[in-house]
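# Overview (structure and organization)
Here is what each chain is made of, one letter per residue.
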Amino acid sequence: MKQEKHIVSILKFVYHYAIFFLLVAFVTTSCTILFVSTFFDTLNIPLTDENISTAAKLTFGNCLLLSLLFTLIDALRRKYTVLRPVRHIAEDAEKIMQGDFSVRIKPQVQLATDETFNEIIECFNKMAQELQSVETLRTDFIANVSHEMKTPLSIMQNYGTLLQAPDLSDEKRMEYAKGVTDGSRRLADMMTNILKLNRLENQQIFPQTTEFDLGEQLCECLLQYKNVWEKAEIEIKTEIAENVMIKADAELLGLVWNNLFSNAFKFTLEGSTVFVSLTVDDEYAIVKVQDTGCGMTAEVGAHIFEKFYQGDTSRSIQGNGLGLALVKRVIDIMHGEISVESSLGVGTTFTVRMRRG
Ligand code: ADP
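Values in this document were obtained by computation on a predicted structure and should not be read as measured data.

## Side note on the overall build of the protein chain
For the protein chain, the count of helices and strands is nine helices and seven strands. Computed over C-alpha atoms, the radius of gyration of the protein chain comes to 38 Å, more than 25% over the 21 Å expected from 2.2 N^0.38 for 357 residues, which places it beyond the range of a compact globule. Here the protein chain holds 357 residues, and 33% of them are scored as buried. For the protein chain, the share of sequence-separated contacts (at least 6 apart) that also reach a separation of at least 24 residues comes to 72%.

The following block contains the structure:
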């Protein structure tokens, strides 16, 4: 194998030499003919066989020397300006192929190499950086899913063990069975959210745009939480503009309102208020979901749209930190905007802006 490579490089050298030889021979011969003919004409030297043969020999020797010199110069130029950077890139690409995404190639000294190499190197480094962050996301995702699965699974295990005890009263049996059902529902909800998020991120869900009344949709979604707000004695206030027609995917947008409403109720203490409003301007329909609940710090607010992120205040409350990640993805797909304002202990306002056209 090594010998083969050696032969190939010798053949390549000969090939390059031949190119330079033909090139130099052509240029030198043309120049020599021109020079010799002018020179002999001016000095009146006769064009004898002997004179021509000496000139031809000199020219041939010249061609040999010059082409050899050019071949060597070209080989050195190639080695330092092409082969070296290419070898560096190839070696680092090999490392990436083997899973080491921390690799970054140093930019080449510009005088010695073509600027194109630095452009390739820049693209390569960006690619490595992207792959590294995808890898981090992947491992984080697996860690998060496993962590989120552990809690409901251990709850279900505990209730399962309790259910095995003999002489259980009907009341206790029902309570433990409900614990198992709740845990499995929580797991199923999480899986559904993961699948939805996955399909949204992989663009397997294409928005089915229809025209519908946004105010009506908001009211319908809100009414689904009637039991929740009545039980928690939460006051509901609404200010919903009428006949606001919007072109969007109603099912996906419903997902947004459901998540915002369920959070508003989840993070609101008994006796507080949830306010929902719909207004319009020339371009946008603007929905605000405001609560007077626990609120969040700026630090928490900066991460709430990340997958599996749960603020400190929600640690004890049910959830898996996927709701707002889904909301953000849906809003992005529909080219809308979402923002949040919140103060700890005062409350939170989510504002969604959707284009009307
Ligand atoms: P989950 O509700 O399952 O924890 P989300 O993605 O819906 O996940 O929310 C992420 C985090 O954002 C919550 O854990 C909570 O800290 C914060 N959050 C969301 N909505 C509110 C709200 N209305 N009031 C206070 N904090 C909120």
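Further notes follow.
## Let's talk about the sheet that holds strand 4 (residues 273-280)
Spatially, the five strands line up as an open sheet ordered 2-4-5-7-6, and their pairing is mixed. One side of each edge strand has no neighbouring strand; the edge strands of this open sheet are strand 2 (235-240) and strand 6 (337-343). Each neighbouring strand pair of the sheet contributes to a mean axis angle of 10°, computed without reference to strand direction. Relative to strand 6, helix 9 (residues 323-333) is tilted by about 145°, and along the sheet it contacts strand 6 and strand 7 (347-355).

## Examining the packing of helix 3 (residues 115-163) against helix 4 (residues 170-201)
Interaxial distance between helix 3 and helix 4 falls to 8 Å at its minimum, and their mutual angle equals 165°. In terms of orientation, helix 3 and helix 4 fall into the roughly antiparallel class. For the pair helix 3 and helix 4, the crossing hand works out as left-handed.

## Examining helix 2 (residues 49-97)
Taking 1.5 Å as the rise per residue, helix 2 with 49 residues should run 72 Å; its terminal C-alpha atoms sit 67 Å apart, in good agreement. In the structure, helix 2 departs most strongly from a straight axis at Lys 79, where the bend amounts to approximately 40°. Where helix 2 is buried, its residues touch helix 1 (2-43) and helix 3.

## Topic: the nonpolar core
In terms of nonpolar packing, the biggest core is built from 52 residues, with Leu 214, Leu 253, Val 256, Trp 257, Leu 260, Phe 261 and Val 352 touching the most fellow members. Looking at which element gives the most residues to this core, the answer is helix 7 (residues 250-266), with nine residues. Listed in part, the nine residues of the second largest apolar core include Ile 96, Ile 121, Phe 124 and Ala 128.

Thresholds applied
Residues numbered from 1 in each chain as written. Predicted model: local features only at pLDDT ≥ 70, side-chain atom pairs only at ≥ 80, totals over all residues. Heavy atoms only, no water. Helix = DSSP H or I, 4+ residues; strand = E, 2+ residues; numbered from the N terminus. Rg over C-alpha atoms; globule rule 2.2 N^0.38 Å. Buried < 20%, exposed > 50% of the residue type's maximum accessible area, 1.4 Å probe, protein only. Contact = heavy atoms within 4.5 Å. Pairing = 2+ DSSP bridges. Axes fitted to C-alpha atoms, helices over the stretch in contact; angles between N-to-C directions. Parallel < 35°, antiparallel > 145°, perpendicular 65-115°, else oblique. Left-handed = near helix turned anticlockwise from the far one by under 90°. Expected span 1.5 Å × (residues − 1). Bend = angle between axes of the 7 residues up to and from the residue. Core = buried A, V, L, I, M, F, W, Y, C linked by side-chain atoms within 4.5 Å.

Shape descriptors only; they carry no functional weight alone.
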